[in-house]
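# Structure assessment
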Amino acid sequence: MRVFFFLFILTLSQGILAQNKQLLYNFDDLPQTLLLNPGAETNFDMHLGLPLLSQIHLSAGSSGVNMYDIFREDGGSINDRIRKTLHKLSKNDFFTVNQQLEIFSIGWRDQRRRYYTAGIYQEFDAFVYFPKDPAVLAYEGNKNYIGRNFDFSDAAFTAEVLNVFHLGFTNYYSEDLNYGFRGKIYSGIFNAHSVDNTGIFRTELSPEGPNLYRHYMSQVDILINTAGWDELTDSDATNRQLMASFLKKAFLGGNIGLGLDAGFTWYPSDQYRVTASLLDIGFMRQTKNVENYRYYGDYQTDGIELLFPGTREYWDEWEDNLDKNLKDETLTNSYTTWRPVKFNASVDFGFSENAEPCNCYRPMGRRRYFNHLGAQFFAVKRPRGLNFATTLYYDKTFNNNFRGKITYTADSYSFSNIGLLFSARLSNFNVYLAADNLLDYTNLAKAQNASVQLGVQLMFSRE
Amino acid sequence: MAFLALLTVCTSCVKDVDLDQTDEIVLSPEAAVDLIFFDLVDEEFNVVSSSGVTAKDETRLDFLDDDYIQNDLVRADFNFRFTNTFESHLTAIIRFLSPANGVQHTVLVSIPRGSIETPSVVDYTEIINEAQINRIRRSIKVSVEVTRHDPSAVAGSLQLASKGFFYFEFK
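Residues numbered from 1 in each chain as written. Chains lettered and ligands numbered in written order. Predicted model: local features only at pLDDT ≥ 70, side-chain atom pairs only at ≥ 80, totals over all residues. Heavy atoms only, no water.

In the annotation of an unreviewed UniProt entry, the entry for chain A reads DUF5723 family protein, and the organism field reads Salinimicrobium profundisediminis.

Encoded structure:
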């Protein structure tokens, strides 16, 4: 139990909008910007990612608590801090982990200046709302909460591991406008999904009833859908069998989904740039290795009534009645999950003109600038609504080889997120490293979120 | 590579915290639950003895055998509220029994005579502390024996309502 709680707290102890990649967005020296906006303009004519190394992304976060809140050395009791945190968090606080690994990535520009991309990346995404009422019930019990509802709808989470196969293009529509699309095939490895749960548990005084309390379980309907979970918990499977199964599912042998990214870049004038994108407009159909765990029903009890003389199996009758009214089922019904749709939008202003000759293969028939100041808006759809972030950034090209970007991001939970990206290009070899929440790196225990992206790749220009 | 880089950054920059405190984490929920209840009338006193007439019954409480009771229960408070409208003094004996019917713990409650117009109410709480908690852990049944000392006081009833407070420490 304690180990479980420790892991739970550690999970709580990191990051927020884990899928916001504000440092890579609008960074047109890197092909990864196309994954964030398929309509982005890019400063190269071909790229080839080094397999498994072209983008490694890790991020994690919590909206309401950090490691320091729980584990600080102040001579106090950790149990008091946990209790205080438990009451500080709300059911809308959340914990999230996101990881992406680019397995393969390639892109090229055609003679009509369109840029095509193709690739595969693996993603793990977990999003857990803090189950406030169930957590209080488990941690403190119901004794001090007589007459209060414990709401099971507080419990909601999604988690998935999948491979994404994608193919996209960016079209040079005019001097002022690029747009692009990316089609995606999702190949599911694991999925767990539990949202829209209902039900309350309540204990109330029962002055008119036969006993001192009456316990209620009302309109309970808790459903946990899983795909691939049964294999993970199959104790007979060898590691080799598990790996073979994962690989099969990773490469289109498991559950399949379809998705679309779309975006554009518009230049109202040479100095101003407006961009927007919608990512992962898609779904997955979970049909293989599916197990659904459902607990539902209504029940109330006053305890066990003794009828004298003692000839009846009171306990068995009580338990049978409970089982008849609160049912526990394991099913294998297929289900559909929607991917977390992401929205990006930005406007920026360029200054300090770059007077070097243009590359005529690219859609750049306008003035270019060494510096950009901009603002970006990000939103991601989660089970209970949208989560937002707003970023201000300064993007500076030092020379042909080095470029950097600094960001300040604010959201509902943090107003001190400073991020830094540095990209270097030596001949055709590019390496980049981006990290945010730098102010918290002096003591990550106090960070509520952190993310890092890095990668190496080959990039080519025709000039 | 990324993982190592992140791990290096994370472990080198986590300060002013003591993760060894995980050893001190204790979940200590306190559960309030209904137990048994009854409404006992004259016809149900069917054993005659020199001290009066007696009614007996018992029920299994299988949850007492569950892991969370066996491993993590540290204290239990049992509250019994008797409402007597018999015009007779009563004695109630509540026993916690092992699977082999061995008595593990006994609660004896003396209930004064009442009347239909003026019931006699006894609210009794038995606290089983940590030193005694194995008595509950060894139990699986609870029996109730009520003796009405004046067999002729047939009018009225004895009602019992009860609850338990269970104190846990999950480590």
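There is more to say after this.
### Looking at the pattern of salt bridges
Residues and elements named next belong to chain A. Under the definition given, this model contains 36 salt bridges over all chains. Close ionic contact of Asp 74 with Arg 81 constitutes a salt bridge, the shortest N to O distance being 2.9 Å. Exposure remark for Asp 74: the relative accessible area of 43% places this residue in the partly exposed category. The class of Arg 81 is buried, set by a relative accessible area of 5%. Of the charged contacts in the structure, one is a salt bridge between Asp 110 and Arg 114, with a shortest N-O distance of 3.1 Å. (Salt bridge = Lys/Arg side-chain N within 4 Å of Asp/Glu carboxyl O. Buried < 20%, exposed > 50% of the residue type's maximum accessible area, 1.4 Å probe, protein only.)

### Digging into the confidence of the model for chain A
The share of residues in chain A with pLDDT of 70 or more is 93%, and the mean pLDDT across the chain is 89. Counting interchain partners and residues more than four positions distant, the pLDDT-below-50 stretch residues 1-17 of chain A has 65 contacts. (pLDDT = per-residue confidence, 0-100. Contact = heavy atoms within 4.5 Å.)

### Topic: the environment of Glu73(A)
Looking at the secondary structure, you find Glu73(A) in the loop between helix H3 (67-71) and helix H4 (78-88). Filtering out sequence-adjacent residues up to four positions away, Glu73(A) remains in contact with Asp16(B), Val17(B) and Asp18(B). (Helix = DSSP H or I, 4+ residues; strand = E, 2+ residues; numbered from the N terminus.)

### Some points on the side chain of His105(B)
All names here are of chain B. Among the structural elements, His 105 can be located in strand S6 (residues 103-111). The class for His 105 is buried, based on a relative accessible area of 5%. Here Glu 126 takes part through its side chain, which lies 2.7 Å from a polar atom of the side chain of His 105. (Polar contact = N/O pair within 3.5 Å; in protein donor to acceptor, adjacent residues only side chain to side chain.)

### Overview of the sheet that holds strand S3 (residues 52-60) of chain B
By way of backbone hydrogen bonds, the strands of a sheet pair with one another, either parallel or antiparallel. Residue and element names in this part refer to chain B. Strand order in this open sheet of five strands is S2-S3-S8-S5-S6, and the pairing throughout is antiparallel. Looking at which strands have only one partner, the edges of the open sheet turn out to be strand S2 (47-49) and S6. On average, each strand axis in the sheet is tilted by 20° relative to the strand beside it, whichever way the strands run. Of the strand pairs in this sheet, S2 and S3 are connected by three bridges, and their pairing is antiparallel. Each residue of the ladder has a partner; that of Val 48, found in S3, is Val 53. (Pairing = 2+ DSSP bridges. Axes fitted to C-alpha atoms, helices over the stretch in contact; angles between N-to-C directions.)

### Looking at the pairing of strand S22 (residues 449-460) of chain A
All names here are of chain A. With 10 of its 12 residues buried, S22 lies for the most part within the structure. Where strand S21 (residues 429-435) and S22 come together, seven bridges link them in antiparallel fashion. In the sheet register, Asn 430 faces S22, and the bridge partner there is Gln 457.

### A short note on the nonpolar core
If you look at the biggest cluster of nonpolar residues, it comprises 67 residues, and the most contacted ones within it are Phe38(B), Phe78(B), Phe82(B), Val146(B) and Leu158(B). With five residues, the top contributor of residues to this core is strand S4 (residues 73-84) of chain B. Excluding residues within four positions of it along the chain, Phe78(B) makes contact with Leu35(B), Phe96(B), Tyr124(B), Thr125(B), Glu126(B), Ile128(B), Ile136(B), Lys163(B), Gly164(B) and Phe166(B). In terms of nonpolar packing, the next biggest core, distinct from the first, is built from 10 residues, Leu23(A), Leu24(A), Leu30(A) and Tyr432(A) among them. (Core = buried A, V, L, I, M, F, W, Y, C linked by side-chain atoms within 4.5 Å.)

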